[in-house]
Amino acid sequence: MKVMKFGGTSVGSVKSILSLKKIVEAEARTQPVIVVVSALDGITDKLIATSQMAKQGDEHYRDEFDAMVKRHHQMIDTIITDDKKRVDLFNNVDQLFDQLKSIFYGVYLIHDLSKKTEDTIVSYGERLSSHIVAAMVKNGVRMNSRDFIRTERKQGKHVLDTELTKQLVTEVFKELVNDQNPNNNNQIYVVPGFIARDKDTHETTNLGRGGSDYTASILAATLDAEILEIWTDVDGFMTADPKVIKSAYTINELSYVEAMELCNFGAKVIYPPTIYPVCVKNIPIKVKNTFNPEHPGTLIKEKIEDDNKPIKGISSIKGTSLITVTGLSMVGVIGVNRRIFTTLANKGISVFMVSQASSENSTSIGVRDEDAEAAAEVLNAEFAKEIETGAMFPMQVESGLATIAIVGENMKQTPGIAGKLFGTLGRSGISVIACAQGASETNISFVVDGRFLRKSLNVLHDSFFLSEYKVLNIFICGIGTVGGMLLEQIRTQQQYLMQTKRLKLNVVGISDVDNFVLDRDGIDLDNYEKILRASFAANTDHMRDEIVKMNIFNSVFVDCTASRQIASLYQTFLEHNISVVAANKIAASSDYDSYLKLKQTARDRGVWFRYETNVGAGLPIIGTINDLCNSGDKILKIEAILSGTLNFIFNEIAADVPFSETVRRAKEQRYSEPDPRIDLSGTDVIRKLVILTREAGYKVEQDDVEKHLFVPDSYFEGSIEDFWAKLPELDADFEARRKVLEAENKRWRFVATMENGKTNVALKEVPYGHPFYGLEGSNNIVLLTTERYKEYPMLIQGYGAGAAVTAAGVFANIMSIANI
């Protein structure tokens, strides 16, 4: 036989209760079924609230009562189609409502609500719902749980009388237990959960929080059921809270211990103490979804076969306060902890986590925020004498925290879990305030600042491969030629990377000169331009603050601008554990101390500062220099053509294509900046040379670079219109010099050179046979002379400009951060 418990949401609407009918009738065709039901969703809370209104003399309690009557009547009218059944059910339900109305009126008249009366009032929720369910299902038989669930009074509370309840359950369901009734296979026994009866006074009582689960568990254990099914509004236990972690998924199987641990730390699927009876009898529990009955749900049993995951799930408790009891008198003194916990227990304050230093001079206890003030007060009173003498200090209370637990029985067989946990949090900029782990090693609990709860859960879920895929959250600033191409490349690769690499590239922010948009769930890249237009007006400081405030995990800021303002944001982002990928050269070529600080901050925070495309677009130049230096080689000399624009210009110049025309073509074909003077001034090449020299291990500033330019300084003054008007004046001189070069079989190349830390840029005449001579189009080339590559320098050559290759280089940097 099977016991099936349906919670408030499962009986709370017409849709859900009809689903219940279909589920239980299908089961009853093959075996006896006991159905335990909760009150309709929200009714228990409504009963309590209405009783409080009546107690306070608020006559609007009648409106609340009438609303409850109306809700139940409407449900009956909708789901019960048989006229006779409907009339009988209305009679039963209305009798209960008449009783309830009288009780409420009595409370209203005397302005008093005893515990006995309150217990009676809240029992009506399950009594009403069980009548409705029993009438609705085929062959439904309503049982009165007060006939067999008995409680006794201990220390002022109603607790289950286990032996008497077991005896009565066996007697009431003896035909079902002994399988003597041939009609059992068709019977559906409907039991109201939660409610009970005092064994001495016979007054109506209840089993407290999670009481319906408890009722079902008692029945299943006593009657040796094949399985206990808990039907709720979720598919089962999830690896984490799906409201926080979009990639959370249902756990197929859990051990009893794992389920208990997850529930103790916030997973509200079942209430742990109530399922103890079935755990003792080794009866499996299946958690299923009334709204999605086809889903297999989560099976909870004693031992899980072929289980190789060290971590099963992550659970959390918001609103945590830490109270730290500290003092030198605690060291080596027996009984201090006994006093702490006895004092709190006497006040009715629950402690869910304890962390104590081995020195014994402090103990931190985790309580809920609402209990913190009272806990500190009673502990200060308990240790008042010690505090007065200075042997102990007043209680330290830190509120607004969150407690997180990672759970899995296999942790005890897997070394390094704790190291990975704290390393992952540290790299994400999350400090652990306190932690605790029992010797069973099934749970590691720790406390963090409440503001970092979402980020902590996401980064741990991702790190321990509980997610179906790894997530990298990306902010992209600048959607011009490079940024726009990058977004397109990401869009076209997203599906492929999810399928083949289990990597989700989640673009959570996009900005241009006019607007920026942020969405932690991800922006639709098919419509990002429309979304962007309807979003915030662009403001650098506002964008920075909003990105930091998002506090999102595994995040990277990608700068596809040439803006000095945007580059100034890198330091803040790195300090907040946001990696930076920059196509923008300003930061890496800025003053040396700032450059060094950015790199040091990235190292200290465990994040990345990547800027491979600062030199050579998608060519692996910076990475190669880093690899050489990291492996012990020394860069002695760098010779490079680093401007695709200038190389294009000097490859285009010919007898019929004057110098001014080549510059114009470079602009029209988007090789140059909108203002070509930036390229002609050598500024771009100087920045690139400074970056390479620094990566090679030398300290250099832009002002240290010797400049031998080919356009007079006067051309860089005035407006862009003035520049274009004056530029043809240089054509004759360039043509005369070009003819000489042609006769000598030479070509112009604008070369950046570093030798032993000394740097210069100059327009050089390169002879035939030199590696630079045949460089075509806008290509770049770099010659690296090192201690290992002296006789034959290392040569790196390829496209050094263009939106597609630059975007691809940026994309490669992003992928290196994803570390797949």
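Residues numbered from 1 in each chain as written. Predicted model: local features only at pLDDT ≥ 70, side-chain atom pairs only at ≥ 80, totals over all residues. Heavy atoms only, no water.

## Focus on the packing of aromatic side chains
Worth spelling out the cut-off: Any two of the Phe, Tyr and Trp rings considered here, Trp counted by its six-membered ring, make a pair once their centres fall within 6.5 Å; the pair's planes then place it as stacked at under 30 degrees, edge-to-face at over 60, or tilted in between. Helix and strand definitions here come from DSSP, where helices need a minimum of 4 consecutive H or I residues and strands a minimum of 2 consecutive E residues; each element is numbered from the N-terminal end. Remark: exposure states derive from per-residue accessible area (1.4 Å probe, protein chains only) relative to the maximum for the residue type, with buried under 20%, exposed over 50%, and partly exposed in between.
For the structure shown, the criterion picks out 23 aromatic pairs. On the basis of an interplanar angle of 75° and a centroid distance of 5.3 Å, the ring pair of Phe148 and Phe173 is categorised as edge-to-face. Placement of Phe148 in the loop between β3 (140-142) and β4 (150-154) and of Phe173 in the loop between α7 (162-172) and α8 (174-178) is noted, with a sequence separation of 25 residues between them. On the accessibility criterion, Phe148 (0% relative accessible area) is buried. Judged by relative accessible area, Phe173 falls into the buried class, the value being 1%.

## A look at the nonpolar core
Note the cut-off: Residue types Ala, Val, Leu, Ile, Met, Phe, Trp, Tyr and Cys, when buried and joined through side-chain atoms within 4.5 Å, form a set referred to as a nonpolar core. A contact between two residues is defined here by any heavy atoms of the two lying within 4.5 Å.
Core analysis: the biggest nonpolar cluster contains 101 residues, and Ile406, Leu460, Phe557, Ile638, Phe659 and Phe710 have the highest contact counts within it. The greatest single-element share of this core, amounting to six residues, is contributed by helix α27 (residues 683-695). Those residues in contact with Phe710 that sit more than four places away from it in its chain are Leu646, Phe650, Phe659, Leu680, Phe734, Phe750 and Leu763. Of all hydrophobic cores here, the second largest spans 53 residues; its members include Met143, Leu262, Cys263 and Phe265.

## What to know about the sheet that holds β4
Within a sheet, adjacent strands bond to each other through the backbone by hydrogen bonds, running parallel or antiparallel. Which entries qualify depends on this criterion: Paired strands, in this sense, are two strands between which DSSP finds at least two bridges. Here an axis means a line fitted to C-alpha atoms, over the contact stretch when the element is a helix, while the angle between two N-to-C directions is reported on a 0 to 180 degree scale.
The sheet built from four strands is open, its strands ordered β5-β4-β7-β8 with mixed pairing. Only two strands of the sheet have a single neighbouring strand rather than two, namely β5 (157-160) and β8 (204-206). When the angles between neighbouring strand axes are averaged without regard to direction, this sheet yields 55°. Note: strand β7 (residues 195-198) against β8, three bridges, orientation antiparallel. Each residue of the ladder has a partner; that of Arg197, found in β8, is Thr204. Against the sheet, helix α6 (residues 115-136) contacts β5, β7 and β8, and its axis sits at roughly 75° relative to β8.

## Things to note about the pattern of salt bridges
Condition: Take a side-chain nitrogen of Lys or Arg and a carboxyl oxygen of Asp or Glu: if they are within 4 Å of each other, that pair is a salt bridge.
One pass over the structure, following the stated rule, counts 38 salt bridges. Among the salt bridges present, the one from Lys301 reaches Glu253, with a minimum N-O distance of 3.5 Å. Of the two residues, Lys301 sits in strand β12 (residues 298-301) while Glu253 sits in strand β10 (residues 253-255), which places them 48 residues apart along the sequence. Note on Glu253: relative accessible area 26%, which makes it partly exposed. Salt-bridge contacts for Glu409 lead to Lys412; the nearest nitrogen and oxygen are separated by 3.9 Å. Its relative accessible area of 43% is what places Lys412 among the partly exposed residues. Beyond isolated ion pairs, a larger network of salt bridges with shared partners links Glu152, Lys154, Asp161 and Lys199.

## Let's talk about the sheet that holds strand β19 (residues 470-477)
One open sheet accounts for seven strands, arranged β22-β21-β20-β19-β23-β24-β25; its pairing is mixed. The sheet is open, and its two edges are formed by β22 (536-537) and β25 (609-610), each paired on a single side. With three bridges connecting them, strand β20 (residues 503-511) and strand β21 (residues 515-518) associate as antiparallel partners. Bridge pairing links Gly509 to Leu518 in β21. The strands touched by helix α17 (residues 481-501) are β19, β20 and β23 (555-559); relative to β20, the strand with the most contacts, the crossing angle is about 155°.

## Quick notes on the packing of helix α3 (residues 43-55) against helix α5 (residues 83-110)
Helix-helix packing is described using two parameters, namely the angle between the two axes and the distance between the axes. Inclusion rule: With respect to orientation, any angle under 35 degrees is reported as roughly parallel, any angle over 145 as roughly antiparallel, any angle of 65 to 115 as roughly perpendicular, and every other angle as oblique. Crossing handedness follows the turn of the near helix against the far one: under a right angle anticlockwise gives a left-handed crossing, and clockwise gives a right-handed one. When residues are grouped by polarity, Ala, Val, Leu, Ile, Met, Phe, Trp, Tyr, Cys and Pro land in nonpolar, Asp, Glu, Lys and Arg in charged, and all others, Gly among them, in polar.
At a closest axis distance of 7 Å, the pairing of α3 and α5 adopts a crossing angle of 40°. For the element pair α3 / α5, the angle class is oblique. For α3 against α5, the interelement crossing comes out right-handed. Judged by residue contacts, Leu47, Thr50, Ser51, Ala54 and Lys55 of α3 engage Leu100, Phe104, Val107 and Tyr108 from α5. Residues that form the contact of α3 with α5 fall into these classes: six nonpolar, two polar and one charged.

## Considering a positive patch on the surface
For clarity, the threshold we go by: Two distance rules govern patches: like charges are joined within 9 Å, and nonpolar side chains (Val, Leu, Ile, Met, Phe, Trp, Tyr) within 5 Å, applied only to residues with over 30% relative accessible area and no salt bridge. For accessible areas, the Shrake-Rupley method is used with a probe of radius 1.4 Å. Any residue's cover is judged against the shown protein chains and nothing else. Two residue types count as positive, namely Lys and Arg, and two as negative, namely Asp and Glu; His and chain ends fall outside the count. Just so you know, the charge point we use is NZ for Lys, CZ for Arg, CG for Asp and CD for Glu.
Together, Arg209, Lys243, Lys246, Lys268, Lys318, Arg368 and Arg454 make up a region of like positive charge exposed at the surface. Tracing the backbone shows Arg368 in strand β15 (residues 362-368). Look at Arg368 and you get partly exposed, because its relative accessible area is 37%.

## Concerning the side chain of Arg127
Relative to the elements of secondary structure, Arg127 occurs in helix α6. Buried within the structure, Arg127 lacks any salt-bridge partner; its nearest side chain of opposite charge belongs to Glu126, at an N-O separation of 8.8 Å. Arg127 has contacts with Leu96, Gln99, Arg142, Arg146, Pro192 and Ile195, leaving out every residue within four places of it along the chain.

## Structural notes on the pairing of β19
Counting buried positions along β19 gives seven out of eight residues, so the element sits mostly inside the fold. Sheet analysis places β19 next to β20, joined by eight bridges and oriented parallel. Its bridge partner lying in β20, Val471 is registered against Lys504. Where β19 meets β23, five bridges bridge the pair, whose relative direction is parallel. If you follow Phe475 over to β23, its bridge partner there is Phe557.

## Looking at the environment of Gly798
With respect to the helices and strands, Gly798 occurs in strand β31 (residues 794-799). Judged by its relative accessible area of 14%, Gly798 is buried. Taking the C-alpha atoms as reference points, Gly798 and Gly616, 182 residues apart in sequence, are found 8.1 Å from one another. If near-sequence neighbours (up to four positions away) are discounted, Gly798 is found in contact with Leu619, Asn779 and Asn780.

## Comments concerning helix α29 (residues 731-743)
Defined as follows: By this rule the span expected of a helix is its residue count minus one, scaled by 1.5 Å. Comment: arc refers to directions from the helix axis out to C-beta atoms.
End to end, α29 covers 18 Å across 13 residues, agreeing with the expected 18 Å (1.5 Å per residue, within 8%). For α29, the full list of buried residues reads Asp731, Phe734, Glu735, Arg738 and Leu741. Summarising the axial view, the buried residues of α29 lie within an arc of 120°, below the 170-degree limit, and thus occupy one face. Along α29, exposed side chains directed more than 90 degrees from the buried face belong to Ala732, Lys739 and Ala743.

## Observations concerning the side chain of Asn458
Tracing the backbone through its elements, the reader meets Asn458 in helix α16 (residues 453-463). Residue class for Asn458 comes out buried when judged on its relative accessible area of 10%. Sequence-distant contacts of Asn458, defined by excluding residues within four places in its chain, comprise Val244, Ile245 and Phe553.

## Concerning the packing of helix α4 (residues 61-79) against α6
Packing of α4 against α6 brings their axes to within 11 Å, and their N-to-C directions diverge by 5°. The pairing of α4 with α6 is recorded here as roughly parallel in orientation. Here His72, Ile76 and Ile79 of α4 lie close against α6, whose contacting residues are Leu128, Ile132 and Met136. The class makeup of the residues in the contact of α4 with α6 is five nonpolar, one polar and no charged.

## Notes on unusual backbone geometry
At His111, a residue that is not glycine, the phi angle is positive and equals roughly 55°. Of note, His111 is situated in the loop between α5 and α6. Unlike most non-glycine residues, Asn554 shows phi in positive territory, near 40°. Mapped onto the elements, Asn554 comes out in the loop between α19 (540-550) and β23. Here Asn554 falls in the partly exposed class, since its relative accessible area comes to 22%.

## Details of the state of the cysteines
Disulfide: a covalent bond formed between the sulfur atoms of two cysteine residues. Let me state the cut-off plainly: Cysteine sulfur atoms that come within 2.5 Å of each other are treated as a disulfide pair.
Within the structure shown, the criterion is met by zero disulfides. We note that Cys477 lacks a disulfide partner, and the nearest cysteine sulfur, in Cys560, lies 8.3 Å from it.

## With respect to the environment of Asn647
Following the sequence through the fold, Asn647 ends up in helix α24 (residues 644-652). Take Asn647: its relative accessible area is 3%, and that puts it in the buried class. For the pair Asn647 and Gly777, spaced 130 residues apart in the sequence, the C-alpha separation amounts to 6.5 Å. Excluding its chain neighbours within four sequence positions, the residues that come into contact with Asn647 are Ile641, Arg749, Leu775, Glu776, Gly777, Ser778 and Asn779.

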